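What the coordinates show
As a plain string of letters, each chain reads:
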Amino acid sequence: MARHGARAPAHARPALGPGLLLLSLAHLCAGLKCVCQLCANNTCETGVDGACWNSVTLIDGREEAVKSCLSPSQMKGQVFCYGSRNVSKRSCCFTDFCNNETLRLQPERPAVEPGWGSLEVAAVVLVPSCLLCAVVLLAVCTAQGQRCRLARLHRPDPEEPPDDRNLMSPDKSLQELICDLSASGSGSGLPLLVQRTIARSIVLQEVIGKGRYGEVWRGKWRGEDVAVKIFSSRDERSWFREAEIYQTIMLRHENILGFIAADNKDNGVWTQLWLVSEYHEHGSLFDYLNRYTVSVEAMLVLALSVASGLAHLHMEIIGTQGKPAIAHRDLKSKNILVKKSGMAVIADLGLAVKHDSVTNIMDIPANHRVGTKRYMAPEILDDTMNTSNFESFKRADIYALGLVFWELARRCPVGGSYEDYQLPYYDMVPSDPSVEDMRKVVCDQKFRPSIPNQWQSCEALRVMGKIMRECWYGNAAARLTALRVKKTISQVAVVKDIPD
Ligand SMILES: Nc1ncnc2c1ncn2[C@@H]1O[C@H](COP(=O)(O)OP(=O)(O)OP(=O)(O)O)[C@@H](O)[C@H]1O
Ligand SMILES: [Mg+2]
């Protein structure tokens, strides 16, 4: 006869009628049948007063179930039968095959889902611990930083660069910012974070020019005008190089364009490369001379300032706060800007090369034929320049300086008349000359721009004419130096200041 029906433990059984009592006693004398995984037919039989056992335990991240029979001695007052932790759960039951159900560990806690691996469990334990550590660390660092700032306030160190937050105080003008920086002793550029902060708060106003590497905009920063040269991402190297040169230690000079900031802004699609500098509303010397004629005095101021800027660029300053010698390699009237004061500044240093006299090393491979063809020195045009000698690059700059002086001096009135503005060699080569066009005129025919006879009647123009010729020698070594040019012009300027 198949056993069936529920049977409560002896102490919990209800009272039965006499007939049934006998039957029940017979049942009580027999054991229970239970599910047993490791037994034949997956079935076992308990002794009298035994129970079916069902348990589940977390072993190596997996739930292992055990189903078997429990003898009365094993039950030990049913102590075995209870347990409900997230790693082990047991139960005993008292009807046939009552352990044929699946036990689950902690089904009420969704955070530890059944079937989680040790990794997930570890994560649940570790993540909150790590967060707690991070919060503690942050608190310690903040306290430390606060203490450092206080210490700095109490003991100012002149060697230390100024605090970025102090630099960026809202009432500071660009000039003051740059002055603070010079006072800090680094003299090579604003801290990168300050540069980025400035660049990102500039509001672009209008395009003011277009060159080989992109557009130049007038922008506003805290109400002040700034110039923003925007390079396309494919010209990243030019952007980087120009920013690098402008930040050469000790480069700042009243006749070199004042660099403010470089920034590379990624909008997710492309990178915008900005170079921010002082804005000069007159624009380039080329623009200025096209628009205006200049008095002899104004011409001397412009010429002297260009010569001073170039002399500073070419000069090497020895020492820890020294400056390497720099050759411009693209000097021309479009790369010189006119300040409100009437002075000029040299701009566009992207092609410049620096020289270290101790190691005799130039900082970039000297590709000699760069720059603007019209302004190339004869030795560049006919490829005879000694590129291993840094002096060669300075001498090529001097040749171009002579051409700029010629453009400038033509706009001075002499005897009541002056010449139209013209580019050098305007009457000898086509408008966009090739190297070959230039070489024929400058090297083969040895032509130079013509110096008008009337210049002899004005001392300043006579001296300027002489300087030009000495800048244009075919023999580069015979050319004047920038320092010599500067001294000669300043002497003329002093003489001019003496009233007749
Ligand atoms: N800081 C500045 N302030 C005012 N105008 C500027 C400034 N920088 C550049 N410009 C104007 O923008 C123009 C374009 O300058 P950019 O240097 O890009 O080209 P370019 O000198 O004309 O030609 P190239 O690419 O051959 O150097 C200049 O000619 C000048 O008129
Ligand atoms: Mg330029």
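Before any of the text, the structure's been laid out above.
Quick look at the structure, then. These numbers were taken from a predicted model, which means no experiment stands behind them.

**Here's the deal with the overall build of the chain**
Along its length, the chain carries 14 helices and 16 strands. Excluding contacts between residues fewer than 6 apart, the proportion of contacts in the chain whose partners are at least 24 apart in sequence is 60%. As displayed, the chain offers around 27,100 Å² of accessible surface, 57% of which is attributable to carbon and sulfur atoms.

**Observations regarding the site of ligand 1**
The full set close to ligand 1 counts 20 residues, and Arg-212, Glu-278, Asp-287, Lys-332 and Asp-348 are the nearest of them. Lys-332 is positioned with one of its side-chain polar atoms (N or O) 2.8 Å from an oxygen atom of ligand 1. Asp-348 places a polar side-chain atom, nitrogen or oxygen, 2.8 Å from an oxygen atom of ligand 1. For ligand 1, whose accessible area on its own is 600 Å², the fraction buried by protein is 89%. At the level of elements, strand E7 (203-211), strand E9 (224-231) and strand E11 (271-278) are the ones that each hand at least two residues to the shell around ligand 1. Taken together, the residues of the shell around ligand 1 sort by class into six nonpolar, six polar and eight charged. Two domains each put at least three residues into the shell around ligand 1: domain 2 (164-278) and domain 3 (285-497).

**Observations concerning the packing of helix H9 (residues 296-314) against helix H13 (residues 459-471)**
Put simply, H9 and H13 touch, their axes get as near as 10 Å, and they point 35 degrees apart. Seen along the crossing, H9 lies across H13 with a hand that is left-handed. Residues Val-296, Met-299, Leu-300 and Ala-303 of H9 pack against Ala-460, Leu-461 and Met-464 of H13. Taken together, the residues of the contact of H9 with H13 break down into seven nonpolar, no polar and no charged.

**Remarks on the pairing of E9**
With six of eight residues buried, E9 lies mostly within the body of the structure. Sheet topology places strand E8 (residues 214-221) next to E9; eight bridges connect them, and they run antiparallel. What sits directly across from Arg-218, in E9, is Ala-227. With antiparallel pairing between neighbouring strands as the criterion, E8 and E9 make up a hairpin whose turn holds two residues, including Arg-222 at a positive phi of roughly 45 degrees. Where E9 and E11 come together, six bridges link them in antiparallel fashion. Bridge pairing in E11 places Phe-231 opposite Leu-273.

**Section: the sheet that holds E11**
Taken in spatial order, the five strands of this open sheet run E7-E8-E9-E11-E10, and their pairing is antiparallel. Two strands in the sheet have a free side with no partner beyond their single neighbour: E7 and strand E10 (259-266). In this sheet, neighbouring strand axes are inclined to one another by 25 degrees on average, regardless of whether the strands run parallel or antiparallel. Pairing geometry for E7 and E8, over seven bridges, is antiparallel. Each bridged residue has a counterpart across the sheet, and for Val-207 the counterpart in E8 is Trp-217.

Definitions and cut-offs
- Residue positions are counted from 1 within each chain, in the order its sequence is given.
- Chain labels run from A onward and ligand labels from 1 onward, assigned in the order the entries are written.
- Since the coordinates come from a predicted model, pLDDT governs what is reported: local features require at least 70, and pairs of side-chain atoms require 80 or more to be given and counted, while whole-chain, interface and lining totals use all residues.
- Calculation of side-chain values draws on the structure's entire complement of heavy atoms; hydrogens and water are dropped beforehand.
- Helix and strand assignments come from DSSP, with helices taken as H or I runs of at least 4 residues and strands as E runs of at least 2, each series counted from the N terminus.
- Any two residues whose heavy atoms approach within 4.5 Å are treated as being in contact.
- With residues, only the protein chains shown are counted as cover, and all accessible areas are computed by Shrake-Rupley using a 1.4 Å probe.
- For this purpose, a residue is taken to be near a molecule or strand whenever a single non-hydrogen atom of the residue falls within 4 Å of it.
- As used in this structure description, the phrase polar contact means that two N or O atoms lie within 3.5 Å; if the pair is within protein, one of them must be able to donate a hydrogen and the other to accept it, and residues adjacent in sequence are counted only when both atoms belong to side chains.
- The nonpolar class holds Ala, Val, Leu, Ile, Met, Phe, Trp, Tyr, Cys and Pro. Asp, Glu, Lys and Arg form the charged class, and all remaining residues, Gly among them, are polar.
- What counts as a domain boundary in this text is fixed by an automatic or database domain assignment.
- Axis lines are fitted to C-alpha atoms, over the contacting stretch for helices. Their N-to-C directions set the angle, which ranges from 0 to 180 degrees.
- Here a crossing is called left-handed whenever its near helix is offset anticlockwise from the far helix by less than a right angle, and right-handed whenever the offset is clockwise.
- Burial status follows relative accessibility: with a 1.4 Å probe on protein chains alone, a residue under 20% of its type maximum counts as buried, one over 50% as exposed, and anything between as partly exposed.
- Only strands joined by at least two bridges in the DSSP assignment are considered to pair.

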